[in-house]
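The chain contents come next:
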Amino acid sequence: MYSLAVAVSTACGVDSVAVRVLLDYFRPALPLDPSGLLLGTCPPSSSSAGNNMVVFQYGLLDCSFMRMVTANITSYMNVLTYKPTQSGFYQSPFNQAVVCTYTKPAGWTPPVYNPALGDASGFGKLEFTMGIMNDDFSAPRTSSLFFLGSPINIVAAVKQQFHMPLMVYIEACVAASTPALSPSSQTYPLITNRGCFVDGQVGNSRFLPRVQTSEIRLVVQAFRFTQLNTDVYIHCRLLAWDPAQLNDPTKKACSFNQRTRR
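Just so it is clear, the model here is predicted, and its values are computed rather than measured.

Structural notes on the side chain of aspartate 33
- Take aspartate 33: it is sitting in the loop between β2 (16–22) and β3 (37–39).
- Here aspartate 33 is buried and forms no salt bridge, its nearest opposite-charge partner lysine 83 lying at an N-O distance of 13 Å.
- Among the polar contacts listed, one links the side chain of aspartate 33 to the side chain of serine 35, at a separation of 2.7 Å.
- With near-sequence residues (within four places) excluded, aspartate 33 lies in contact with Tyr82, Pro84, Thr85, Gln86 and Phe89.

Looking at the state of the cysteines
- Enumeration according to the criterion identifies three disulfides in this entry.
- The disulfide partner of cysteine 12 is cysteine 100, and the gap between their sulfur atoms is 2.0 Å. Residues cysteine 12 and cysteine 100 are joined through a disulfide that is left-handed, its torsion about the S-S bond being -85°. Of this pair, cysteine 12 sits in strand β1 (residues 8–12) while cysteine 100 sits in strand β8 (residues 94–103), and the two are 88 residues apart along the sequence.
- Between the sulfur atoms of cysteine 42 and its disulfide partner cysteine 63 the distance amounts to 2.1 Å. For the disulfide bridge between cysteine 42 and cysteine 63, the dihedral angle about the S-S bond is near -105°, and by the sign convention the bridge is left-handed. Taken together, the positions of cysteine 42 in the loop between β3 and β4 (46–48) and cysteine 63 in the loop between β5 (53–59) and β6 (66–69) put the pair 21 residues apart, joining distant regions of the chain. Residues cysteine 42 and cysteine 63 agree in their burial class; the two are buried.
- Cysteines bonded in the chain are numbered consecutively along the chain; their disulfide partners then correspond to 1-4, 2-3, 5-6.
- Left without a disulfide partner, cysteine 196 is nearest to the cysteine sulfur of cysteine 254, which lies 4.5 Å away.

Some points on the packing of aromatic side chains
- Scanning the entire structure with this criterion turns up six aromatic pairs.
- Judged by centre distance (6.2 Å) and plane angle (80°), the ring pair of tyrosine 76 and tyrosine 102 falls under edge-to-face. Pair noted here: tyrosine 76 is in strand β7 (residues 73–82) and tyrosine 102 is in strand β8, with a separation of 26 residues, a long-range link.
- On the basis of relative accessible area, tyrosine 76 is assigned to the buried category, the value being 0%.
- Overall, tyrosine 102 belongs to the buried group, its relative accessible area being 12%.
- Ring pairing ties together the aromatic residues Tyr82, Tyr90 and Phe94, which thus form one cluster.
- Above the face of the phenylalanine 146 ring, arginine 141 is positioned so that its terminal group lies 4.0 Å from the ring centre.
- Here arginine 210 stacks its cationic end above the ring of tyrosine 169, 5.2 Å away from the centre of that ring.

Description of the sheet that holds strand β11 (residues 167–176)
- The strand order across the open sheet formed by three strands is β12-β11-β16, and the pairing between neighbours is antiparallel. One side of each edge strand has no neighbouring strand; the edge strands of this open sheet are β12 (187–191) and β16 (233–241). The sheet shows a mean angle of 20° between the axes of neighbouring strands, taken without regard to direction.

Digging into unusual backbone geometry
- A positive phi is found at cysteine 63, a non-glycine position, where the angle reads about 65°.
- Residue serine 64 is not a glycine yet carries a positive backbone phi of 65°.
- Along the chain, serine 64 falls in the loop between β5 and β6.

Considering the nonpolar core
- Residues Val19, Val21, Leu37, Phe56 and Leu80 are the most contacted members of the largest nonpolar core, which totals 24 residues.
- Of all the secondary-structure elements, those providing two or more residues to this core are β2, β3, β5, β7 and β8.
- Setting aside its immediate chain neighbours within four residues, leucine 80 contacts Val8, Val21, Leu37, Leu38, Leu39, Phe56, Phe94, Asn95, Gln96 and Val98.
- Residues Ile154, Cys173, Ile191 and Leu238 belong to the second largest nonpolar core, which totals 20 residues.

Points about the pairing of strand β10 (residues 151–159)
- The element β10 is extensively covered by neighbouring structure, given that seven of its nine residues are classed as buried.
- Two elements, strand β9 (residues 127–133) and β10, share seven bridges in a ladder whose sense is antiparallel. Each bridged residue has a counterpart across the sheet, and for isoleucine 132 the counterpart in β10 is isoleucine 154.
- Here β10 runs beside strand β15 (residues 215–221); their pairing, made up of seven bridges, is antiparallel. Within β15, the position partnered with asparagine 153 by the bridge is valine 219.

Each value, and the rule that gives it
- Residues numbered from 1 in each chain as written.
- Predicted model: local features only at pLDDT ≥ 70, side-chain atom pairs only at ≥ 80, totals over all residues.
- Heavy atoms only, no water.
- Helix = DSSP H or I, 4+ residues; strand = E, 2+ residues; numbered from the N terminus.
- Buried < 20%, exposed > 50% of the residue type's maximum accessible area, 1.4 Å probe, protein only.
- Lys, Arg positive; Asp, Glu negative; His and termini not counted.
- Salt bridge = Lys/Arg side-chain N within 4 Å of Asp/Glu carboxyl O.
- Polar contact = N/O pair within 3.5 Å; in protein donor to acceptor, adjacent residues only side chain to side chain.
- Contact = heavy atoms within 4.5 Å.
- Disulfide = S-S within 2.5 Å.
- Phe/Tyr/Trp six-rings, centres within 6.5 Å; stacked < 30°, edge-to-face > 60°.
- Lys NZ or Arg CZ within 6 Å of the ring centre and 35° of its normal.
- Pairing = 2+ DSSP bridges.
- Axes fitted to C-alpha atoms, helices over the stretch in contact; angles between N-to-C directions.
- Core = buried A, V, L, I, M, F, W, Y, C linked by side-chain atoms within 4.5 Å.

Here's what the structure looks like:
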């Protein structure tokens, strides 16, 4: 199996990046089509016939790079895409992530977008995960058996990949008697109204404080369906949202306060 890590090399400068692509690495008889290569929105900036290689040499503010800033790290991210445009060349499309990461030294300011002209966008599919965790949420729980009334620790998360930071929410959850919801399933609502933990009105179920925006933790008090001797399955609908755009009242994670009854 061919490795993209060998065919594509990246050299990150202070405010620029150089990406080199070996055109004949995959199959010498059918090299890559240079006109089918793009770094974000940019074509190759130069080519070398002797070395059978193309080079992308651009500034980090070009080619629709996405910038993500944390307390100590600045990352610039893009995708090298290959879509052959003519016959006689290697015909299998591919994508390769291009990432430049910088640790911010004192007094150094990374290149920034002009807010009047620049833009930032995310790309790559979102992958949601959900699972039952141990008591301190440090690892998945090895058993799915619970005593009635005991807490069930659950975590839901979104893998952001090349997207900007995202806030994950649980819009709805229902407990059911079947692994697939159907008209014959016996159900019990846990979370309704786009993020309201209604089960907290009768039990000790609630959302927990966030550790990171891309993850949400909750506790459900274990119960069973009184008329059925069956497992209980929890079905949830998850949502990921831009944390900078939270003025929408439907984006919430509300627990019921037993003391105030609200």
